[in-house]
Amino acid sequence: EIASTYKFPEIETSTTVTTSSGTAEYDINGVTNILAIDFVTDDTNGMLMDRMDRSQYESYTQGDTTQTGQPVYWFISGVASDGDKQITFYPTPDGTYTIRIVYRKAPAELVLSPDPTSPILPETWDDSILQRAIARGWKPMGDPDNAIKFLAMAKDNDRAALAVSIAPSDIPTYVGSIAGWRE
């Protein structure tokens, strides 16, 4: 829940897809743990691509997917039989392009056995994780009041953890300032 709400560099990674002429849809090979795609770039041309959805794609193609060119748009179009997500580009690539997909991977489950694991998120988020776990534990025990109380505490901790996760130099002191410096 926390990882899908906030962007942590610890869970950001990328992969590439190499297109071929006349093929619009590609498997994002070997990547089954995508939490969210942050952006897609055409590295061949140094261009940020725009996200679209299936209805926009259908509107643009009108059922005719033979229009080719440099791909400008993308959307997640399905899941392959092996669990890989599939991405479709529009227009259909007219050649070879290297497309970089920057995404956030889902963190590994926290477990106690057989080998204990710890969160990949910064330590300042530990209380938020713990309080969410406690809140989830109260639900099946039939105590929604305690579940709500612990979830509220977790959200308070989110704000505190977020405040220390951002370096002061990342926050301009006034509009137009650079890295917090005043001129």
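Scroll up a little and you will see the structure.
All values reported here derive from a predicted model rather than from experimental measurement.

A.B. asks: What's the story with the side chain of Thr-88 in this structure? I'm lost.
C.D. replies: Along the chain, the position of Thr-88 falls in strand β7 (residues 85–90). A relative accessible area of 4% means that Thr-88 is categorised as buried. Within polar-contact distance, the side chain of Thr-88 engages the side chain of Ser-77 at 2.7 Å. Each residue touching Thr-88, except ones within four places of it in the same chain, is listed here: Ala-24, Glu-25, Tyr-57, Tyr-73, Trp-74, Phe-75 and Ser-77.

A.B. asks: Can you walk me through the pattern of salt bridges in this structure?
C.D. replies: A side chain with one charge can pair with a side chain of the opposite charge if their charged atoms come near. Summed over all chains, the structure comprises 2 salt bridges. A salt bridge links Arg-104 to Asp-38, with the nearest nitrogen and oxygen atoms 3.0 Å apart. Residue Arg-104 is located in strand β9 (residues 98–105), and its partner Asp-38 is located in strand β3 (residues 34–42); the two are separated by 66 residues in the primary sequence. With respect to class, Arg-104 is no different from Asp-38; both count as buried. Across the salt bridge formed by Asp-43 and Arg-100, the nearest N and O atoms sit 3.2 Å from each other. On the criterion of sequence distance, the pair formed by Asp-43 in the loop between β3 and β4 (47–51) and Arg-100 in strand β9 is long-range, its members being 57 residues apart. Assessed through its relative accessible area of 36%, Asp-43 is described here as partly exposed.

A.B. asks: Can you walk me through the sheet that holds β9 in this structure?
C.D. replies: Sheet strands pair by backbone hydrogen bonding; their relative direction is either parallel or antiparallel. The 7 strands lie next to each other as β1-β9-β3-β4-β6-β7-β2, forming an open sheet whose pairing is mixed. Of all strands in the sheet, those bounded by a partner on one side alone are β1 (12–18) and β2 (25–27). Averaged over all adjacent pairs, the angle separating strand axes in this sheet is 35°, with direction ignored. The sheet contact formed by β3 and β9 spans 7 bridges and is antiparallel. Each residue of the ladder has a partner; that of Ile-34, found in β9, is Lys-105.

A.B. asks: It is not clear to me how the environment of Ser-128 should be interpreted in this structure. Could you clarify?
C.D. replies: Position of Ser-128 relative to the elements: it lies in helix α3 (residues 126–138). By relative accessible area, which is 0% here, Ser-128 ends up buried. Sequence spacing of Ser-128 and Asp-158 is 30 residues, and the spatial spacing of their C-alpha atoms is 6.1 Å.

A.B. asks: Just to check I follow, could you spell out the packing of aromatic side chains for this structure?
C.D. replies: Aromatic rings considered in pairs are described by the distance between their centres and by the relative angle of their planes. Counting across every chain of the model gives 6 aromatic pairs. Seen from their ring centres, Tyr-57 and Phe-75 are 5.1 Å apart, and the 50° between their planes marks the pair as tilted. Placement of Tyr-57 in helix α2 (residues 54–61) and of Phe-75 in strand β6 (residues 73–79) is noted, with a sequence separation of 18 residues between them. By the burial criterion, Tyr-57 is buried, and Phe-75 matches it. Ring geometry for Tyr-60 and Tyr-90: centres 5.4 Å apart, planes at 50°, overall tilted. Of the two residues, Tyr-60 is situated in helix α2 and Tyr-90 in strand β7; the sequence distance between them amounts to 30 residues. Relative accessible area serves as the criterion here: at 9%, Tyr-90 is assigned to the buried category. Among the aromatic residues, those joined into a ring-pair cluster are Tyr-57, Tyr-60, Tyr-73, Phe-75 and Tyr-90.

Criteria and thresholds
- Residues numbered from 1 in each chain as written.
- Predicted model: local features only at pLDDT ≥ 70, side-chain atom pairs only at ≥ 80, totals over all residues.
- Heavy atoms only, no water.
- Helix = DSSP H or I, 4+ residues; strand = E, 2+ residues; numbered from the N terminus.
- Buried < 20%, exposed > 50% of the residue type's maximum accessible area, 1.4 Å probe, protein only.
- Polar contact = N/O pair within 3.5 Å; in protein donor to acceptor, adjacent residues only side chain to side chain.
- Contact = heavy atoms within 4.5 Å.
- Salt bridge = Lys/Arg side-chain N within 4 Å of Asp/Glu carboxyl O.
- Pairing = 2+ DSSP bridges.
- Axes fitted to C-alpha atoms, helices over the stretch in contact; angles between N-to-C directions.
- Phe/Tyr/Trp six-rings, centres within 6.5 Å; stacked < 30°, edge-to-face > 60°.

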